[in-house]
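Spelled out from the first residue to the last, the chains are:
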Amino acid sequence: MSGCCGCVAALRPRYKRLVDNIFPANPHDGLVKSNMEKLTFYALSSRPEKLDRIGQYFEQRLTADINRHRYEYVFIAMEALDQLLVSCHAHSLNLFVESYLKMVQKLLECTDPDLQITATSSFVKFSNIEEDAPSYHRRYDFFVSKFSSMCHSGDQYDRDTKLKFRRAGLRGIQGVVRKTVSDDLQVNIWEPIHMDKIVPSLLFNMQDTRFNPADVESPRDEDNPAHLAEVVFRDLICRASYGNIRSIILPVLTHLDNHKLWVPTDFAIRCFKVVMFSVQSQHSYLVIQLLLSHLDKHVKDDPEIKTSIITVLFEAVLISAGGSIGPSVLEVFNNLLRHLRISVDNRSSNQALHTAEVRFQDAIVNTIGEFANNLPDYQKIEIMMFVMGKFPQFADEEVGGQMDMQLQMSLLKTLLKVATKYKTVNMSNAFPPEFLHPLLRMSLLEDAGMRITVQAILHTLIDRHGNTEKLKSIELCPDIACLELTVEKCSRQDILFMKKSGIQFYCHILENLQLESNRVDNLEAVYCTMGLLAVEMGCDEIIVDLYRLALDIQTVAVSSALPITHRCALHAMVAAYLNLISQLLSGPAICSYITNIVQVRQTSAPHLLPDFAYNRTNRPQSLTALEKSELYPRNETVKEDWLFDQSLLSDHLANMGLDVGRLGTPFTQKPFVGDAKEHNQSISDIGSINIDIESVDGSPIMTKRKFSSSEEITVESLKKMLAEERTEDKEEIERRRREVVKTFQTAPFEEIVARSEAKSNHFHNKLSEILDMVSSTSVKKSSPVDGSASDSSDQVFGMQFPDLFVY
């Protein structure tokens, strides 16, 4: 009976008759619209199972038409399915969709490109429909694989067909993502098995620009697969939550590695610009961390690849918001500084990679500076202190001296880059003692170029009003108004800072100027530092110390054994500096006195003025002639009328109501215990420190005394020797006590504070050296037997002791 029903049309179910009626006798006539309206009304008014049966019957007819190659009826069937999908309610689509997806899959499995493109277009329409009811049994794995393959294939077709094919694949991927990303019950599109297909397909089309239509003005046209791939890529990243960003970025990095797309960096930068502009701002720091982790994988690769990765990282940081670094700030900087150290090692061991490694180091420095720009100011100071802690303070000059100099220069550039991002408000915040003391110690490095960089760091941090460029050159200005300096009243906080820490600046400036390796650039850099101190903090309470500093420099120029070039330059610096601070003080009498001395020098000693001493064009010939002349004899002092007299300056300042009691006290006491070399000694010297321990009875240790062969050693002679030594000890103790009392009675308060701070700093430095030695010893013991480096290379005792109260 059932067979008879199949043959007689009147006995067939109504839904089948309605489906059959939409197909015309001649397929070229297209869909019968009136019958299609009847089918749609029947599907909307009937129960949901009718829609499911309609879908199954469509699937049967579609399969038969594909097998018989009646593709015109296939296109009509897909058009009817699209109309049913759009017209039917969302809650009734669940069962119908299963049959629909099977039909789309059958078309995608066909070899005919038109059928695949038609199926993809229908799937995109379906992906735009929002469904209310959840689906538990749908799978889109086939569609992900098929659409991804369509993005790569199509080479066997002509250009227009290939263009349509790629475009269909990209839109199909976008449809799959749109359909699955918001439904937790369906396939997890963020799994690596899917992302490893989707992301490379998008990047492949973004990179391939062969399909730009010739008749389209803009390459970013909708018909361009490269532009469409970028749109889909942006849409994918926008939909990614925090836990899914890694699933997108890792395939991007792998694709760039596999296809060697890091060099040149154009495409890599373009990709990550898309990522950074599309990702949610609160998640941007995760992209930064993934790039840093990827840099670790290329630590032994060509420097050009590492430079490209750092360049991409730099561009990403430029785009990202202020929270791009994330919670682990020091970890980021430690990672970059570690790569900087490795690059310096490679640069020293392989001269063939010298230029490439230098570019890589410059890229790291710029990236660190951009990272610091996203930090608040208080963290920038902490970062500079962190960078300073990486300096090789215990360098072996014979083995690694050259490498350590290169590392120090790279770290100084890093410090300068971070300093340029800091905006100074209060000097006490910009120069905490833990930062100021080691920075000033670095101003005494042996390399002249490094000292210039340290002075540039000081300029950046001291200068708050853009006066650095105006004080770069040492010159005598009759009226400093032509310099257009910006001068504001010094705050009370800055005055207190200079009273406490000013002696640190003064003493290191003096010691810096006595180095024979100084060039003109060094002296000009130090002069700029002195000028900025005067402009930024030259109030009445500080200006006397600046005069005191200038007189001490003059004393160094007169009494030191420096070459004649240095002494002339120091005298010229003193003249220019006194002229500057006197005009800042606005004292007509003292300005007139300075002008008189300058005029005397112009007449009889022009070599002591800046026009001669800092003239780079005629300096060598002129100084050679000067050494042979009688103006500046080698073994005689400078004439008194060429020098600035301390007593006259004191009188002028006293007449202006300033306290000149400290003007006659030179800055002779260095505020730090030991010299710069003491801080650069090898750490192995710590183990050779001999400590003499007194006996239990507390008797003093007796010094060795040589007895002549004729002298008899008796008890009386030993008693006599002991009495003499006790007398000498008492005299020495009394002498030291008198010196301490005199110091506290006559020395300025800030100098006493500086000495006390120096003792505490010296103790802290020695303790840090001992802890570093213990830490390195423990790391060596815990390293593997095969000699591989241990990951726990960081200091075990990395704690920071609090400041000691000195008054």
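Because the structure is a prediction, the values reported are computed rather than measured.

Draft legend 1. Representation of the confidence of the model for the chain. Predicted confidence across the chain gives a mean pLDDT of 80, with 77% of residues reaching 70 or more. Across residues 671–710, where pLDDT falls below 50, the model places 53 contacts with residues more than four positions away in sequence or in other chains.

Draft legend 2. Main features of a negative patch on the surface. There is a patch of like negative charges on the surface, built from Glu640, Asp641, Asp645 and Asp651. Mapping Asp651 onto the fold places it in helix α30 (residues 646–655). Residue Asp651 is classed as partly exposed on the basis of its relative accessible area, which comes to 44%.

Draft legend 3. Quick peek at the packing of helix α9 (residues 159–180) against helix α10 (residues 192–207). For the pair α9 and α10, interaxial distance at closest approach is 11 Å and the crossing angle is 140 degrees. It follows from the interaxial angle that α9 and α10 lie oblique. By crossing handedness, the relation of α9 to α10 is classed as left-handed. Across the interface between the two elements, Arg166, Leu170 and Ile173 of α9 pack against Ile198, Ser201, Leu202, Phe204 and Asn205 of α10. Residue composition of the contact of α9 with α10, by class: five nonpolar, two polar and one charged.

Draft legend 4. Molecular detail of unusual backbone geometry. For the peptide bond that leads from Val263 to Pro264, omega is -5 degrees, which places it in the cis range. Following the sequence through the fold, Pro264 ends up in the loop between α12 (245–258) and α13 (266–278). Phi at His69 takes a positive value of approximately 60 degrees, unusual for a residue other than glycine. Checked against the element boundaries, His69 lands in the loop between α4 (48–67) and α5 (71–87). We classify His69 as exposed; its relative accessible area is 55%.

Draft legend 5. Broad picture of the nonpolar core. Of all hydrophobic cores here, the largest spans 208 residues; its most connected members are Phe58, Phe233, Phe272, Phe431 and Tyr547. Counting residues per element, this core draws most heavily on helix α26 (residues 564–585), which supplies 12 residues. Setting aside its immediate chain neighbours within four residues, Tyr547 contacts Leu578, Ile581, Ser582, Leu585, Ile590, Leu649, Leu653 and Leu663. Formed by seven residues, the second largest nonpolar core is a distinct cluster that contains Ile564, Val638, Trp642 and Leu643.

Draft legend 6. Focus on helix α14 (residues 284–297). When the terminal C-alpha atoms of α14 are compared, their 21 Å separation across 14 residues agrees well with the 20 Å that a helix rising 1.5 Å per residue should span. A large share of α14 lies buried, amounting to 10 of its 14 residues. Among the residues making up α14, those that are buried are Ser284, Tyr285, Leu286, Val287, Ile288, Leu290, Leu291, Leu292, His294 and Leu295. Considering only its buried residues, α14 is in contact with α12, α13, α15 (303–319), α16 (329–349) and α17 (354–373).

Draft legend 7. Expanded view of the packing of helix α21 (residues 433–442) against helix α22 (residues 448–462). Remark: α21 packs on α22, axes separated minimally by 9 Å, with the N-to-C direction vectors making an angle of 140 degrees. Taken together, the axis directions place α21 and α22 in an arrangement best described as oblique. Viewed along their axes, α21 and α22 form a crossing whose handedness is left-handed. Residue-level inspection shows Phe435, Leu439, Leu440 and Met442 of α21 in contact with α22, the latter providing Val454, Ile457, Leu458 and Leu461. For the contact of α21 with α22, the residue count by class is eight nonpolar, no polar and no charged.

Draft legend 8. Representation of helix α27 (residues 588–604). Here α27 spans 25 Å end to end across 17 residues, near enough to the 24 Å set by a 1.5 Å rise per residue. Every buried residue belonging to α27 is among Ile590, Cys591, Tyr593, Ile594, Ile597, Val598 and Arg601, and all of these are buried. Around the axis of α27, the buried residues are gathered within 160 degrees of arc, so they sit on the same side. Those residues of α27 that are exposed and angled more than 90 degrees off the buried face are Pro588 and Thr603. Buried residues along α27 sit in contact with α25 (540–559), α26 and α30.

Each value, and the rule that gives it
- Residues numbered from 1 in each chain as written.
- Predicted model: local features only at pLDDT ≥ 70, side-chain atom pairs only at ≥ 80, totals over all residues.
- Heavy atoms only, no water.
- pLDDT = per-residue confidence, 0-100.
- Contact = heavy atoms within 4.5 Å.
- Patch = residues over 30% accessible without salt bridge, like charges linked within 9 Å, V, L, I, M, F, W, Y side chains within 5 Å.
- Areas by Shrake-Rupley, 256 points an atom, 1.4 Å probe, with all protein chains shown as cover.
- Salt bridge = Lys/Arg side-chain N within 4 Å of Asp/Glu carboxyl O.
- Lys, Arg positive; Asp, Glu negative; His and termini not counted.
- Charge placed at Lys NZ, Arg CZ, Asp CG, Glu CD.
- Helix = DSSP H or I, 4+ residues; strand = E, 2+ residues; numbered from the N terminus.
- Buried < 20%, exposed > 50% of the residue type's maximum accessible area, 1.4 Å probe, protein only.
- Axes fitted to C-alpha atoms, helices over the stretch in contact; angles between N-to-C directions.
- Parallel < 35°, antiparallel > 145°, perpendicular 65-115°, else oblique.
- Left-handed = near helix turned anticlockwise from the far one by under 90°.
- Nonpolar A, V, L, I, M, F, W, Y, C, P; charged D, E, K, R; others polar.
- Core = buried A, V, L, I, M, F, W, Y, C linked by side-chain atoms within 4.5 Å.
- Expected span 1.5 Å × (residues − 1).
- Arc of directions from axis to C-beta.

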